[in-house]
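Coordinates in review
Here's the letter readout for the chains.
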Amino acid sequence: ADAEATAAEQTKSRGNIPNHIMEHLRPLLEPARIPWDQLFEEAISTRITTETEEAMLMPNMSLLSNPAFEPYPGMSLKTAFTIAFVVDTSGSVSDEEFVLAINKLNSILRTNKNVRLWVIHCDMIIHHEALVDHADDPVNWTRHGNGGTSYVSAFRRLLKQDTAADWADGAQRITEELPDPSLIIVFTDGGVLIEGELFPALHPQRPIIWLVSPQGRPASGMNNAAPDRVIPMVDTVA
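Quantities reported herein were computed from a predicted structural model and do not represent experimental measurements. (Residues numbered from 1 in each chain as written. Predicted model: local features only at pLDDT ≥ 70, side-chain atom pairs only at ≥ 80, totals over all residues. Heavy atoms only, no water.)

Of the regular secondary structure elements, the protein chain holds five helices and nine strands. In the protein chain, the succession of helices and strands from N to C terminus is α-α-β-α-β-α-β-β-α-β-β-β-β-β. For the protein chain, with 238 residues in total, the buried portion stands at 40%. Looking at the protein chain alone, contacts between residues at least 24 apart form 70% of all its contacts between residues at least 6 apart. (Helix = DSSP H or I, 4+ residues; strand = E, 2+ residues; numbered from the N terminus. Buried < 20%, exposed > 50% of the residue type's maximum accessible area, 1.4 Å probe, protein only. Contact = heavy atoms within 4.5 Å.)

Here it is in structure tokens:
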């Protein structure tokens, strides 16, 4: 009781901070917020680093005695890290939200010379596909498609199980050998059916980052446990 009384008396003796000073102090007293794009870039960088380290732990034993070859396969990842970027082009995602995501990915490409993107635009079916890397001119990020939302066709494509029914008429598609992505990013507003329709039957067995648009919300079935991540495009409290 004596301690409480002493604390109360000390508080009174300090007086009140004038309102005009509190206006300047208030932002400093609020919880720190982490920018969403920082979390997004960290998640991608972590995956690149993890895969490189895992590969370097498994050298090709047949090449260890030959100085002409690099026995550590992880070294080759510097030119072979592919990210599959599945873009929700349905009408429920705004152009402004789309531009936010694309600008950040362009920035990642510019600073990570070893990364290339396998881009898939889809709504109910696939409307556009391309491979791009840092050496390409800035991609024309015009969205292709504007219908409902389903990722079945896109994930069939990732598993190389797609058929003609998964494609829009005249859609641009990759004609060369398809890459094996090390990471999958799905840009979405969250308005999708995951369990039952998409997973587990079409799970690609690769880490997935669910990048959820600012006005969207994560859907049930989007895993947020390592190695997967759910990252809403809003700043979060640290």
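Picking up where we left off.
What follows is about helix 4 (residues 95-111). Here helix 4 is 17 residues long and its end C-alpha atoms lie 25 Å apart, about the 24 Å a rise of 1.5 Å per residue gives. All buried positions along helix 4 are accounted for by Glu97, Phe98, Ala101, Ile102, Lys104, Leu105, Asn106, Ile108 and Leu109. (Expected span 1.5 Å × (residues − 1).)

Looking now at the pairing of strand 2 (residues 81-88). Buried residues dominate strand 2, accounting for eight of its eight residues. Side chains Phe81, Ile83, Phe85 and Val87 of strand 2 all project onto a buried face; the interleaved residues Thr82, Ala84, Val86 and Asp88 project onto the opposite face, where all are buried too. Relative to strand 3 (residues 115-122), strand 2 runs parallel, the two being bridged by eight bridges. Its bridge partner being in strand 3, Ala84 is matched across the sheet by Trp118. Of the crossover connections in this fold, the one passing from strand 2 over helix 4 to the parallel strand 3 is right-handed. Of the strand pairs in this sheet, strand 2 and strand 6 (residues 183-188) are connected by five bridges, and their pairing is parallel. (Pairing = 2+ DSSP bridges. Right-handed = clockwise from strand over helix to strand, strands pointing away.)

This next bit is on the confidence of the model for the protein chain. Per-residue pLDDT for the protein chain has a mean of 79; in total, 69% of the residues score no lower than 70. By mean pLDDT, the top-scoring element of the protein chain is helix 5 (residues 152-158) (96), and the lowest-scoring one is helix 1 (residues 2-14) (52). (pLDDT = per-residue confidence, 0-100.)

Applying the stated criterion across every chain yields a total of four aromatic pairs. Consider the rings of Phe155 and Phe199, whose centres lie 5.6 Å apart with planes at 80°: the pair is edge-to-face. Here Phe155, found in helix 5, pairs with Phe199, found in the loop between strand 6 and strand 7 (208-212); they are 44 residues apart in sequence, far enough to count as distant. Residue Phe155 shares its accessibility class with Phe199, and that shared class is buried. Each residue in the set Phe155, Phe199 and Trp210 is aromatic and connected to the rest through ring pairs, giving one cluster. The ring of Trp167 has Arg173 sitting right over it, with the charged end atom 4.0 Å from the ring centre. (Phe/Tyr/Trp six-rings, centres within 6.5 Å; stacked < 30°, edge-to-face > 60°. Lys NZ or Arg CZ within 6 Å of the ring centre and 35° of its normal.)

Taken in spatial order, the seven strands line up as 5-4-3-2-6-7-8 in an open sheet, and their pairing is mixed. One side of each edge strand has no neighbouring strand; the edge strands of this open sheet are strand 5 (167-172) and strand 8 (229-232). Direction aside, the axes of adjacent strands within the sheet are offset by 20° on average. Against the sheet, helix 4 contacts strand 2, strand 3, strand 4 (126-133), strand 6 and strand 7, and its axis sits at roughly 160° relative to strand 3. (Axes fitted to C-alpha atoms, helices over the stretch in contact; angles between N-to-C directions.)

Here the focus is the nonpolar core. With 29 residues, the main nonpolar core has Phe155, Leu198 and Trp210 as its most contacted residues. Among the elements that make up this core, the one with the highest residue count is helix 5 (four residues). Residues within four places of Phe155 in sequence aside, it is in contact with Val186, Leu198, Phe199, Leu202, Pro204, Ile208 and Trp210. (Core = buried A, V, L, I, M, F, W, Y, C linked by side-chain atoms within 4.5 Å.)

Time to look at the pattern of salt bridges. Counted according to the given criterion, the structure contains six salt bridges. Arg157 serves as the salt-bridge partner of Asp162, at 3.2 Å between the closest nitrogen and oxygen. Since its relative accessible area comes to 18%, Asp162 is described here as buried. Arg157 gets classed as buried once you look at its relative accessible area, which sits at 5%. (Salt bridge = Lys/Arg side-chain N within 4 Å of Asp/Glu carboxyl O.)

On to unusual backbone geometry, then. Note: most residues except glycine have negative phi, and most peptide bonds are trans. In this chain, Phe199 is followed by Pro200 through a cis amide linkage whose omega measures 5°. One can find Pro200 in the loop between strand 6 and strand 7. In this structure, the amide linkage connecting Ala226 to the following residue, Pro227, adopts the cis form with an omega of 10°. Here the phi dihedral of Lys160 falls at roughly 60°; this positive angle occurs in a residue that is not glycine. Relative to the elements of secondary structure, Lys160 occurs in the loop between helix 5 and strand 5. Even without being glycine, Gln205 reaches a positive phi, approximately 55°. Locating Gln205 in the fold gives a position in the loop between strand 6 and strand 7.

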